[in-house]
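# A look at the structure
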Amino acid sequence: PVSMFTAFRCFTGECVNDEGQPIHSILARIFGWRFIFSYVASYMLVTMGIFNVILAVYVDITMKAAKENDAQTAEQYSRESVRVA
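Rules and cut-offs
- Residues numbered from 1 in each chain as written.
- Predicted model: local features only at pLDDT ≥ 70, side-chain atom pairs only at ≥ 80, totals over all residues.
- Heavy atoms only, no water.
- 1 Å grid on protein atoms, 1.4 Å probe; cavity = no way out; pocket = protein on both sides within 12 Å on 5 of 7 lines; lining within 4 Å.
- Points joined across faces, edges and corners; volume = space filled by probe spheres on them.
- Helix = DSSP H or I, 4+ residues; strand = E, 2+ residues; numbered from the N terminus.
- Salt bridge = Lys/Arg side-chain N within 4 Å of Asp/Glu carboxyl O.
- Buried < 20%, exposed > 50% of the residue type's maximum accessible area, 1.4 Å probe, protein only.
- Disulfide = S-S within 2.5 Å.
- Phe/Tyr/Trp six-rings, centres within 6.5 Å; stacked < 30°, edge-to-face > 60°.
- Contact = heavy atoms within 4.5 Å.

## Comments concerning the layout of surface pockets
In this structure, the largest pocket spans a volume of roughly 360 Å³. Cys10, Phe11, Tyr39, Ser42 and Tyr43 are the residues nearest the centre of the largest pocket, which is lined by 13 residues in total. Breaking the lining of the largest pocket down by element, the ones donating at least two residues are α1 (2-11), α2 (23-31) and α3 (33-84). The dominant element in the lining of the largest pocket, judged by the number of residues it contributes, is α3, at seven residues.

This is the structure:
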């Protein structure tokens, strides 16, 4: 239970131990460059990879809505042209 609470605190931004020391600095001191590399790689994967996918989905939905709106406007313009003529 304590480790799950620590993991939750790290996910929400407060990644320190009970004395207020940053956990990633302690782990870097203990495990060395392997931890530093894996920490940076996983952080980059999450921040740039997953958030990029979320942003791409948002942009795709927006573009589909804009295309649908343009098609609807063109159809309304076509109907108006026929009605006026």
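After that view, the rundown keeps rolling.
## Some thoughts on the pattern of salt bridges
Enumeration according to the criterion identifies one salt bridge in this entry. Linking Lys64 and Asp60 is a salt bridge whose minimum nitrogen-to-oxygen distance equals 3.6 Å. Pair noted here: Lys64 and Asp60 are both in helix α3, with a separation of four residues, about one helical turn. Taking the relative accessible area as the measure of exposure, Asp60 reaches 40% and is therefore partly exposed.

## Comments concerning the state of the cysteines
Per the stated rule, a full pass over the model turns up one disulfide. One disulfide in the model links Cys10 with Cys15; its S-S distance is 2.1 Å. Negative torsions about the S-S bond denote left-handed disulfides, and the value of about 65 degrees found for Cys10 with Cys15 makes this one right-handed.

## Brief notes about the packing of aromatic side chains
Considering all chains together, one arrives at two aromatic pairs under this definition. Summarising the aromatic geometry, the rings of Tyr39 and Tyr43 are spaced 6.3 Å apart at their centres and angled 20 degrees between planes, so their arrangement reads as stacked. Here Tyr43 and Tyr39 lie together in helix α3, a separation of four residues that amounts to about one turn. Three or more aromatic residues joined by ring pairs make a cluster, and in this case those are Phe35, Tyr39 and Tyr43.

## A look at the environment of Ile23
Following the sequence through the fold, Ile23 ends up in helix α2. Judged by relative accessible area, Ile23 falls into the buried class, the value being 18%. Along the sequence, Ile23 and Cys10 sit 13 residues apart, while their C-alpha atoms lie 8.7 Å from each other. Not counting the four nearest positions on each side in its chain, Ile23 is found in contact with Thr6, Cys10, Cys15, Val16 and Asn17.

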